[in-house]
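Architecture at a glance
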Amino acid sequence: MGIMEKLPIYTQKIPGGSVLLTATDKVFNWSRKSSIWYMLFGLACCAIEMMATGASDYDLDRLGLIFRGSPRQSDLMFIAGTVTLKMAPKIQTLYEQMAEPRYVIAMGNCACNGGPYYYDSYSTLKGVDRVIPVDIYVTGCPPRPEGLMYGIQELQKKIAKDSLAKILKSGAVKS
């Protein structure tokens, strides 16, 4: 389904042509959800599944996701795997360097809540949401690429519901 089927677009005839009218929020949110630039943060075995999702069998490019190596150019961060207490401040620093509005997907049981290390490890963070806000949780040990793609589609639905006025009011985008 293309943009024409999803957006309420109205055509008004004027001398010499016509003008298309639609809601600004819908156009901006469609373009934002269709061009997410993500930064990989693979920490453990979940990173292998994340790489498989970006490979040719599943191909994240067809969902509009483009890999960026720099946090300053990214608006989505994948946290894939076990987050240690030593790594947590570095994740927080990278998150703060990301462009606004920014989103986080926690991938795997270890990133979501500490996984099997919850009780028996002194060095494992009990969920990455203790240091940065998480938008989507993708559970599994490790989660399948289909699960990650579902999480990405849920994030795209969340982005599509955003209001441009709310984003500007929050100060996420400097006007």
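How each quantity is defined
- Residues numbered from 1 in each chain as written.
- Predicted model: local features only at pLDDT ≥ 70, side-chain atom pairs only at ≥ 80, totals over all residues.
- Heavy atoms only, no water.
- Buried < 20%, exposed > 50% of the residue type's maximum accessible area, 1.4 Å probe, protein only.
- Helix = DSSP H or I, 4+ residues; strand = E, 2+ residues; numbered from the N terminus.
- Arc of directions from axis to C-beta.
- Contact = heavy atoms within 4.5 Å.
- Expected span 1.5 Å × (residues − 1).
- Disulfide = S-S within 2.5 Å.
- Pairing = 2+ DSSP bridges.
- Axes fitted to C-alpha atoms, helices over the stretch in contact; angles between N-to-C directions.
- Salt bridge = Lys/Arg side-chain N within 4 Å of Asp/Glu carboxyl O.
- Phe/Tyr/Trp six-rings, centres within 6.5 Å; stacked < 30°, edge-to-face > 60°.
- Parallel < 35°, antiparallel > 145°, perpendicular 65-115°, else oblique.
- Left-handed = near helix turned anticlockwise from the far one by under 90°.
- Nonpolar A, V, L, I, M, F, W, Y, C, P; charged D, E, K, R; others polar.

Looking now at helix α3 (residues 46–54). Side chains of residues three or four places apart in an α-helix project in the same direction, reflecting 3.6 residues per turn. What α3 keeps buried is the set Cys-46, Ala-47, Glu-49, Met-50 and Thr-53. One face of α3 carries all of its buried residues, which in axial projection span an arc of 160°. Contacts from the buried residues of α3 go to β3 (36–42), β5 (76–80), β6 (103–107) and α6 (145–160).

If you check α6, its first and last C-alpha atoms are 23 Å apart, about what 16 residues at 1.5 Å a residue would give, namely 22 Å. Within α6 the residues assigned to the buried category are Pro-145, Leu-148, Met-149, Gly-151, Ile-152, Leu-155, Gln-156 and Ile-159. Seen from one end, α6 has its buried residues packed into an arc of 155°, which puts them on one side.

Our focus in this paragraph is the state of the cysteines. In total, this model carries zero disulfides according to the counting rule given. Here Cys-46 stays unpaired: no disulfide links it, and the sulfur of Cys-45, its closest cysteine neighbor, is 4.9 Å away. Unpaired in this structure, Cys-112 has its nearest cysteine sulfur neighbour in Cys-46, at a distance of 8.4 Å. Using a relative accessible area of 10% as the deciding quantity, one classes Cys-112 as buried.

Hydrogen bonds between backbone atoms are what pair the strands of a sheet, whose relative direction is either parallel or antiparallel. If you trace the five strands from one edge of the open sheet to the other, you get β4-β3-β5-β6-β7, paired in parallel fashion. Lying at the two open borders of the sheet, with one neighbouring strand each, are β4 (65–67) and β7 (136–138). On average, each strand axis in the sheet is inclined to that of its neighbour by 30°, with strand direction left out of account. On the sheet, helix α4 (residues 88–97) packs against β3, β5 and β6 and is oriented at approximately 165° with respect to β5.

The next subject is the pattern of salt bridges. By the definition in use, this model includes five salt bridges. One salt bridge connects Asp-162 with Arg-32, and the closest N-O pair in it is separated by 3.1 Å. Residue Asp-162 is found in the loop between α6 and α7 (164–169), and its partner Arg-32 is found in helix α2 (residues 24–33); the two are separated by 130 residues along the sequence. Note on Asp-162: relative accessible area 14%, which makes it buried. The exposure class of Arg-32 is partly exposed, given its relative accessible area of 22%.

For the structure on display, the rule yields three aromatic pairs. Their ring planes at 70° and their centres at 5.3 Å tell us that Tyr-38 and Phe-78 sit as a pair that is edge-to-face. Of the two residues, Tyr-38 is situated in strand β3 and Phe-78 in strand β5; the sequence distance between them amounts to 40 residues. Judged by its relative accessible area of 0%, Phe-78 is buried. Considering the side-chain rings of Tyr-118 and Tyr-119, the 4.8 Å spacing of their centres and the 80° angle between planes classify their relative orientation as edge-to-face.

The axes of two packed helices give the description: the angle between them and the distance between them. Here α2 crosses α6 at 155°, and the two axes come no closer than 8 Å. Relative to α6, the element α2 is oriented roughly antiparallel. Considering only the axes of α2 and α6, their crossing is right-handed. Residues Asn-29, Arg-32 and Lys-33 of α2 form the contact with α6, whose participating residues are Gln-156, Ile-159 and Ala-160. Residues that form the contact of α2 with α6 fall into these classes: two nonpolar, two polar and two charged.

At their nearest, the axes of α3 and α6 sit 9 Å apart, and the two run at 70° to each other. If you check the angle between α3 and α6, you find them roughly perpendicular. Between α3 and α6, the contacting residues are Glu-49, Met-50, Ala-52 and Thr-53 on the first element and Pro-145, Leu-148 and Met-149 on the second. Taken together, the residues of the contact of α3 with α6 break down into five nonpolar, one polar and one charged.

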